[in-house]
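Chains, contacts and geometry: an overview
Residue-level listing of the chains:
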Amino acid sequence: MRLSQAWIVARHDLSMIRRRRTILGALIAMPAGVSIGFPLLVWYIIVKSPGITDGVIISFVDAFAFWFAIAGVMLPSSISAYSIVGEKTEKSLEPLLATPTTDGEILLGKVLAAFLPTMVSIWAGATVYMVLIDAITRGTLGYLYYPNLTIVVLVFALAPIVAVLAIEISVAVSSRVQDVRSAQQISGVLFLPFILLYVAAEIQVFPLDTDHLLLLAGILGLVALVTFRICRRVFDRETILTRWK
Amino acid sequence: MIHTDGLTKQFGTVTAVDHLTLDVPEGEVFGFLGPNGAGKTTTVRMLSSLISRTSGSAEVAGHQIGDPSAELKLRHQIGILPENVGLYESSSAYENLEYYGQLQRVEATALRQSIERLLRMLDLWEKRDLPVATFSKGMKQKVAIARALVHDPVLLFLDEPTANLDPEASKTVREFILELKRERRTIFLNTHHLDEAERICDRVGILNTRLVTTGTPGELKLGMSGHRTVVTVDGPMETLAAAIRSRLGDRRIDVQGSSLVVDVTDPDRENPEIAAAIVGAGGRLRQLTQASASLEDVYLKLVHEGGPSA
Ligand SMILES: Nc1ncnc2c1ncn2[C@@H]1O[C@H](COP(=O)(O)OP(=O)(O)O)[C@@H](O)[C@H]1O
Ligand SMILES: [Mg+2]
């Protein structure tokens, strides 16, 4: 496995993605919405309910931050569906496979092309979120809530693992479907359990504190390992050429 | 350049290519003829190590196929035009070629030169920055062939390069292939266009899951027609036919209008005898020609009979 060869694939796919307005739009709009919209909501809640306790404010702030993990599900699957099903519809996979590049290098290139923009967008969004939340809550809490361990676990452990899992699932789905839209929609199903988790957090059933986030990251990491094996089996030169529909 | 021995590919219970044994020497343009489903694409995919073989062996550009350590080197030495062009439609011609050149690890300056040379050869240099989506089918096909050549491979596989092209586009693509032939490149050309094979190829093979026959287009045509001489005459046909038989021995002679079609084994010796027999029997000889089958006749006969003619 040569990283440099995978990087050629990744760079090419990144430049293709840059031309897709919808993907670019999602990469900017979603983290921007989370990192600006939710702090404004927190500010509104504080202003409107003077008797609010610190604990309630913090549970809101943590739950809203969980949207960065949800972005980790939504953003990369739309990119990788495009970069794999897109090649499939253009029938450009065969010439690509005919170059001296291994299946693993192509797969890694495609994973990177979806992973890197997602993480950049999440990290940028999380930075803005931390700054705004600090500015808004400092007066009430009396200290700077961010940075803290919870958000570090969230954006450096959970979000990357979730992103990798989402990419793997979208690779597996991409081998079975004919168009980018359905690949994105099917991969989008992964979004549901995360929304349920978010709702559970909002109603205090599954608090999204550091321990719970680490637990979640660990479980999803294991799932991602299993999915990786499926992914490698699906993304095999001969399988792609003779069995992909 | 290519040497295969009993190369076989099965998809489940379907045998796509059955015991193919074939040699293509360096510098040859080899035409691989066969109907749809004959196994041409499967053969090219096996030879370019895109898919595995079921049994048999093959050596391509000095590398054994199926040897994982040689696979990347092999793919670096060959160029492939697949059945579907598979270009990135939203990218320009230049970008398409550049990406493949980079994957082939062509050094940046050499790559720029190679792309420019190819696009100029194909009259596409002026259009290099336009998205491929704006190109005609023939232009796309040319870009795809250029893509197969960007790293200057020693062996080129072309899978039906003129299928689905209009006559004009076919012509430009064919002329380009002839230009590559003049550069003495080894080319393995899948096609079901017989006159294309006849015009371009040094040698052809006819495949119908099994390899039916190989030879130069001339040899195949000769092998098929045997030798038949057509004489156009004025005079009583049956009398003239009898005169030919009495002079050359009993043989098949067909009467077709004012022509006699005579089976011969050695035209150089027998044609003058035929002429003499006709004149001797009081006929007037207007024309004498050696009949030849078209490659199409050979092809249809061999593909349908599934074996070489006796
Ligand atoms: N991926 C595949 N799975 C099953 N059968 C296949 C596959 N690819 C080709 N075949 C079968 O193998 C035979 C040869 O196909 P192909 O090599 O495409 O022929 P050609 O290129 O000469 O038209 C056909 O009968 C085809 O149906
Ligand atoms: Mg074919």
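Now for a description of the structure that goes with this document. Note that the coordinates shown come from a computational prediction; the quantities given were computed from them, not determined experimentally. (Residues numbered from 1 in each chain as written. Chains lettered and ligands numbered in written order. Predicted model: local features only at pLDDT ≥ 70, side-chain atom pairs only at ≥ 80, totals over all residues. Heavy atoms only, no water.)

1. Examining the interface of chain A and chain B
- Each partner contributes to the interface: chain A provides 27 residues, whereas chain B provides 28 residues.
- For the pair chain A and chain B, the two sides together bury roughly 2,500 Å², of which 56% comes from carbon and sulfur.
- For chain A, the biggest contributors to the area lost against chain B are A:E94, A:P100 and A:E238; these three give 21% of the whole.
- Residue A:E238 is joined to B:K9 by a salt bridge in which the shortest nitrogen-to-oxygen separation is 2.6 Å.
- Linking chain A with chain B are 12 residue pairs in polar contact (both at pLDDT 80 or more), by the criterion used here.
- Broken down by secondary-structure element, the contributors of at least two residues to the side of chain A that touches chain B are α1 (3-18), α4 (67-90), α5 (93-97) and α11 (237-242) of chain A.
- A class-by-class count of the residues in the side of chain A that touches chain B yields nine nonpolar, eight polar and 10 charged. (Contact = heavy atoms within 4.5 Å. Buried area = accessible area lost by both parts, 1.4 Å probe. Salt bridge = Lys/Arg side-chain N within 4 Å of Asp/Glu carboxyl O. Polar contact = N/O pair within 3.5 Å; in protein donor to acceptor, adjacent residues only side chain to side chain. Helix = DSSP H or I, 4+ residues; strand = E, 2+ residues; numbered from the N terminus. Nonpolar A, V, L, I, M, F, W, Y, C, P; charged D, E, K, R; others polar.)

2. As for the side chain of A:D62
- Looking at where A:D62 falls in the secondary structure, it is placed in helix α3 (residues 54-65).
- Those residues in contact with A:D62 that lie beyond four places of it in its chain are A:Y145, A:Y146, A:T150 and A:L208.

3. Considerations on the packing of aromatic side chains
- In total, this model carries 17 aromatic pairs over all chains according to the counting rule given.
- Aromatic pair A:F38 and A:W67: ring centres 6.1 Å apart, planes at 35°, arrangement tilted. With A:F38 in helix α2 (residues 21-48) and A:W67 in helix α4, this residue pair connects regions lying 29 residues apart in the sequence.
- Among the residues examined, A:F38 registers a relative accessible area of 16% and is labelled buried.
- On the basis of relative accessibility, which here comes to 18%, the residue A:W67 falls in the buried class.
- One aromatic cluster is present, formed by A:F38, A:F60, A:F64, A:W67 and A:Y198 through successive ring pairs.
- Over the ring of B:W125 we find B:R128, and its NZ or CZ is 4.0 Å from the ring centre.
- Seen from the ring of B:Y100, B:R147 lies directly overhead, with NZ or CZ sitting 4.9 Å from the centre. (Phe/Tyr/Trp six-rings, centres within 6.5 Å; stacked < 30°, edge-to-face > 60°. Buried < 20%, exposed > 50% of the residue type's maximum accessible area, 1.4 Å probe, protein only. Lys NZ or Arg CZ within 6 Å of the ring centre and 35° of its normal.)

4. Thoughts on α2(A)
All names here are of chain A.
- The terminal C-alpha atoms of α2 lie 38 Å apart, and with 28 residues this matches the ideal 40 Å at 1.5 Å per residue to within 8%.
- A maximum bend of about 25° is found in α2 at G33.
- Within α2 the residues assigned to the buried category are I23, L27, M30, P31, V34, S35, F38, P39, V42, I45 and I46.
- Those residues of α2 that are buried lie in contact with α1, α3, α4, α6 (103-141) and α9 (191-202). (Expected span 1.5 Å × (residues − 1). Bend = angle between axes of the 7 residues up to and from the residue.)

These figures capture arrangement, not role.
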